[in-house]
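Inside the fold
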Amino acid sequence: MNLFHGVFSLVLIVISIVIGIVAISFTSVVQALIYIAITIFAFGCVVYFYCLKCPCRLDSCGHVLPGKLTSLFPKRPSDTYLALDILATVIALAIIIFFPQYWLWKYKILFLVFWLLLLIGTAEILLFVCKECKNAKCPVNPKSKRINEC
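All figures in this text were calculated on a predicted structure; none of them were measured in a lab.

**Considering the overall build of the protein chain**
Regarding its fold elements, the protein chain presents six helices and zero strands. The order of α-helices and β-strands along the protein chain, N terminus first, is α-α-α-α-α-α. The C-alpha atoms of the protein chain give 16 Å as radius of gyration, which agrees with the globular expectation for 150 residues (15 Å, within 12%). Each principal axis of the C-alpha distribution contributes one length, and for the protein chain these read about 50 × 30 × 25 Å. The buried share of the protein chain, reckoned over its 150 residues, is 41%. Of the contacts formed within the protein chain by residues at least 6 apart in sequence, a portion of 65% connects residues at least 24 apart. Total accessible area on the protein chain stands at roughly 8,600 Å², and carbon and sulfur atoms take up 77% of it. Taking the average location of the 13 positive side-chain charges in the protein chain and that of its 6 negative ones, the two points are 5 Å from each other.

**A closer look at the pattern of salt bridges**
Per the counting criterion, the structure on display carries two salt bridges. Each of the salt bridges in this network shares a partner with another, and the network as a whole consists of Lys53, Arg76 and Asp85.

**Comments concerning the packing of aromatic side chains**
For the structure shown, the criterion picks out 11 aromatic pairs. Aromatic pair Tyr102 and Trp103: ring centres 5.4 Å apart, planes at 85 degrees, arrangement edge-to-face. Every member of this aromatic cluster is reached through a ring pair, and the members are Tyr35, Phe99, Tyr102 and Trp103. Over the ring of Tyr48 we find Arg76; its NZ or CZ atom is 4.6 Å from the centre of that ring.

**Details of the environment of Leu117**
By the element assignment, Leu117 lies in helix H6 (residues 108-132). It is 24 Å that separates the C-alpha atoms of Leu117 and Leu69, two residues lying 48 residues apart in sequence.

**Concerning the nonpolar core**
Soluble globular proteins tend to bury their nonpolar side chains together. Ranked by size, the top nonpolar core spans 31 residues in total, and within it Ile17, Ile19, Tyr35 and Leu104 carry the most contacts. Elements that contribute at least two residues to this core include exactly helix H1 (4-25), helix H2 (29-49), helix H4 (83-98), helix H5 (101-106) and H6. Here this core takes eight residues from H6, the largest share from any one element. Those residues in contact with Ile17 that sit more than four places away from it in its chain are Tyr35, Thr39, Ile96 and Phe114.

**Here's the deal with the confidence of the model for the protein chain**
In this model, the protein chain carries an average pLDDT of 91, and 93% of its residues clear a pLDDT of 70 or more. Within the protein chain, the element-level pLDDT minimum falls on helix H3 (residues 65-69), averaging 89, and the maximum on H5, averaging 98.

**Focus: the state of the cysteines**
Within this structure, the stated rule accounts for zero disulfides. Of the cysteine sulfurs around Cys130, a residue in no disulfide, the closest is that of Cys138, at 5.9 Å.

**A few points about the side chain of Thr70**
Within the element layout of this structure, Thr70 appears in the loop between H3 and H4. Within the structure, Thr70 has its side chain in polar contact with the side chain of Arg57 (distance 3.4 Å). Within polar-contact distance, the side chain of Thr70 engages the backbone oxygen of Gly67 at 2.5 Å. Setting aside residues no more than four positions away along its own chain, Thr70 makes contact with Val47, Cys51, Leu52, Arg57 and Leu58.

What counts as what
- By convention here, each chain's residues receive numbers from 1 onward along its written sequence.
- Given that this is a predicted model, residues contribute local features only at a pLDDT of at least 70 and side-chain atom pairs are listed and counted only at 80 or more, while totals for whole chains, interfaces and linings are drawn from all residues.
- By convention in this description, side-chain values take in all heavy atoms of the structure and omit both hydrogens and water.
- Here a strand is any run of E in DSSP of at least two residues, a helix any run of H or I of at least four, and the numbering for each starts at the N terminus.
- A radius of gyration in this sense is built from C-alpha atoms; the matching globule rule multiplies 2.2 Å by the number of residues raised to 0.38.
- Residue exposure (1.4 Å probe, protein chains only): buried if accessible area is under 20% of the type maximum, exposed if over 50%, otherwise partly exposed.
- In this analysis, two residues are considered to be in contact whenever any of their non-hydrogen atoms come within 4.5 Å of each other.
- Per-residue and other accessible areas follow the Shrake-Rupley method at a 1.4 Å probe size, with only the shown protein chains counted as cover for residues.
- Note that His is not counted, nor are the chain ends; the positive residues are Lys and Arg, and the negative ones are Asp and Glu.
- A charge is said to be at NZ when it belongs to Lys, at CZ for Arg, at CG for Asp and at CD for Glu.
- Here, a salt bridge means any Lys or Arg side-chain nitrogen found within 4 Å of an Asp or Glu carboxyl oxygen.
- The rule is short: rings of Phe, Tyr and Trp, with Trp giving its six-membered ring, pair when the centres are within 6.5 Å, and they are stacked under 30 degrees, edge-to-face over 60, tilted in between.
- Note on criteria: charge over ring means Lys NZ or Arg CZ within 6 Å of the ring centre, with the direction from the centre no more than 35 degrees off the ring normal.
- The set of buried Ala, Val, Leu, Ile, Met, Phe, Trp, Tyr and Cys residues whose side-chain atoms join them within 4.5 Å is what this entry labels a nonpolar core.
- Known as pLDDT, the predictor's confidence for each residue is given on a scale from 0 to 100.
- Two cysteine sulfur atoms make up a disulfide if the distance between them is within 2.5 Å.
- Within 3.5 Å is the distance limit for a polar contact, defined as a pair of N or O atoms, with the added protein rule that one can donate a hydrogen and the other accept it, and that residues adjacent in sequence qualify only through two side-chain atoms.

The structure is reproduced here in structure tokens:
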């Protein structure tokens, strides 16, 4: 698997989050620290509810880091994603994305760069990482009707 797109997409998304932190810190360092804590917790939720279910996480994770982080969490069966898994993941990602919007909007260039990097990172994931992923149970994987190959 070509890991470039997985790592590149995460780097773009992390940079967008850092831009959110910077925008918040212009108003309040405390609120920026709260966003950092919320983001770490929400990312942990994504790893727990989504990545931990992936049977490919330890040997062929396209993002590398989330797959390796799953070893820090209690084991979960690599099975079909439940509605709770998807809902928790969507909520966690929504919090990471939408929390800094109030502050970003005050600095239009930061707002635009945040969304540009986030959208490019998301496109990288959907167009390249998901396309090569072998997790047949992932609801985002276009090959999800096939048997797991990892």
